[in-house]
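# Fold and geometry: a report
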Amino acid sequence: MIKPKVSVIIPIYNAENTLEKCLDSIINQTLSDIEIILVDDGSTDKSLEIIQKYEQQDSRIKLIHQKNNGASAARNAGLKIAEGEYISFVDSDDWIDKKMYEELIEQANAYNSPNAIRTHHYSVTKTGTFTTIAFSYLNKENKKAVLTDNLKEIMKTSFHSSCYGLWKKSLLDKYNLFFAKDIHNGSDILFTWQALIYSKEILLVFKPYYYYNLATPFSLTRAINNKFLDLIKVFKCQKDFIIEQNIYKEFEHTYQTRTCSYFNMVFKRSLVLRGLRLHRYPELKEFLEKMHEISKDWNADKMDFENLLEKQKFLAIQENNFIKYLIKTWALDIKIKALWLYVLFPQ
Amino acid sequence: MQNFINFLKKVNFEKQLKKMGGKYKDKKVLIYGAGLLFETINNNYDLSNLNIIGIADKNKTSDDIQTLYGYPAVKPDDIKKINPDIILVCVLNSIYLIEALKRDYDKIKIIPLVDKGRKEFFKEILKL
């Protein structure tokens, strides 16, 4: 039997509101030679009905049911049975561009089947859909895609989700890569970190295909306890991994830059998307304290910061100064800016 | 729609429109937001003294749609290609959207189409 080009793995838990849009974007892919693995993680809503309906209409769909065990276990279950040459992960509240797999496989063929393909993505919020540049690369010749082994640089700013691209199945099998079961939030960050380092060469495609949904209320990113503590665990595991691989010295500053920027992003997003909810603040304070413990002996001058503000935020972390960090984040900055522009000096 | 009509009367939108027509006379204007507010404005006010080169709206533009309310429909991704001088955002609570758009299009002037007044902007900021 010929292997399908791509196996798509979708962990599903109570996603009745967003599931159809997600599945429609996959079954209508312009590349039809794909395998669609839907893993129901013990849903109690109409998700099960929906996926059964789709299964009856499309023979490429395979269903796995499991008792509620988390997205990591669900993705692992999908990986075990996947037969495609490449693996794609899609979350049940997101969706993808209909040409994603066709164009990425085309690029993969042009570049001799690379181990990992990374793309830009769209961030969908209540106020609009914005293209997020997922990695910085000086694309001077304006190419569509570039094969690079300069992981040290690319991984300083490349995005962390395992969904923004494709993974070659043979790479995951060779290193027995799975999602860490004991980490509920952020296991995909660790997976991406390990898989990119194992890949040695990444194909960067300068186009967004994946629509990352920040607008719906009950997405995977939101409905978890101890989210922040899990992320601290992930940061520690990432460091342990590069020590294990004997590349700590080489990747030290990449690791620090990336960890700091991810911390800043999560913190900002927690404030901005949820508004001023007072009960969040003790959790965020603890998150900052734990981050301070990890980063207190990092050298800020050797790390890369997007701008001075990000560097000042990091210095506030090193000082363990919660209030200072809070003031420098987006949520308060935009209020001050808006006050200035729209109220004190209107058009 | 009647609520919007009343609101636009209250903020004296007609006067604002005249002022904008003079201020942005030779500029290429892109409207961002083709929802009910824009429909109301389009039906009740004369936009002809603004040089509108297109309307962008993430929900209402796709490959099949060429025009919106008689103006060229622009997909948000194509805004840079069209190269407007100014983007007028036609949404009631525009602050967050404008600040987010400024990150994508940092060289273009982006302001609200309707000036709802200090008090209303202040209320919006408090809810942010």
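Residues numbered from 1 in each chain as written. Chains lettered and ligands numbered in written order. Predicted model: local features only at pLDDT ≥ 70, side-chain atom pairs only at ≥ 80, totals over all residues. Heavy atoms only, no water.

## With respect to the overall build of chain B
Here is the rule we go by: In this text, helices come from DSSP runs of H or I with a minimum length of four residues, and strands from runs of E with a minimum of two, each type numbered from the N-terminal end. Note on method: radius of gyration uses C-alpha positions; expected globular size equals 2.2 Å times residues raised to 0.38. The contact definition used throughout considers only heavy atoms, calling two residues in contact when any of these lie within 4.5 Å. Per-residue and other accessible areas follow the Shrake-Rupley method at a 1.4 Å probe size, with only the shown protein chains counted as cover for residues. In summary, the charge assignment counts Lys and Arg as positive and Asp and Glu as negative, without counting His or the chain termini. By convention, charge coordinates are those of NZ in Lys, CZ in Arg, CG in Asp, or CD in Glu.
Looking only at helices and strands, one finds 6 helices and 6 strands in chain B. Ordering the α and β elements of chain B from the N terminus gives α-α-β-α-β-β-β-α-β-α-β-α. In terms of C-alpha radius of gyration, chain B reaches 14 Å, essentially the compact-globule figure of 14 Å for 128 residues. Dimensions along the principal axes, computed over C-alpha positions, put chain B at roughly 35 × 30 × 25 Å. Long-range pairs, those at least 24 residues apart, make up 63% of the contacts in chain B between residues at least 6 apart in sequence. Working note: accessible area of chain B is about 7,000 Å², and carbon and sulfur atoms make up 48% of it. The average position of the 23 basic charges and that of the 16 acidic charges among the side chains of chain B differ by 8 Å.

## Things to note about the domain arrangement of chain A
Residues and elements named next belong to chain A. To be explicit about the condition: Residue ranges for the domains trace back to a domain assignment, done automatically or taken from a database. For any pair of parts, buried area is found by adding up, for both, the accessible area (1.4 Å probe) each one loses once the two are put together.
Per the domain assignment, the segments of chain A are domain 1 (6-213) and domain 2 (227-340). Taking only C-alpha atoms, the centre of domain 1 and the centre of domain 2 are 26 Å apart. Facing 21 residues of domain 1, the contacting portion of domain 2 comprises 22 residues. For the pair domain 1 and domain 2, the summed buried area comes to about 2,100 Å², and 66% of that belongs to carbon and sulfur atoms.

## Notes on the sheet that holds strand β3 (residues 67-68) of chain B
Residues and elements named next belong to chain B. The test is simple: Here the rule is simple: two strands pair whenever DSSP picks up at least two bridges between them. Lines fitted to C-alpha atoms define the axes, with helix axes restricted to the stretch in contact, and inter-axis angles between N-to-C directions lie between 0 and 180 degrees.
If you trace the 6 strands from one edge of the open sheet to the other, you get β3-β4-β2-β1-β5-β6, paired in mixed fashion. Among the strands making up the open sheet, the edge pair consists of β3 and β6 (109-112). By the bridge criterion, 4 bridges tie strand β5 (residues 86-89) to β6 in an arrangement that is parallel. When the bridges of β6 are listed, Leu-88 appears paired with Ile-111. The strands that helix α5 (residues 95-104) touches are β1 (29-32), β5 and β6; relative to β6, the one it contacts most, it runs at about 170°.

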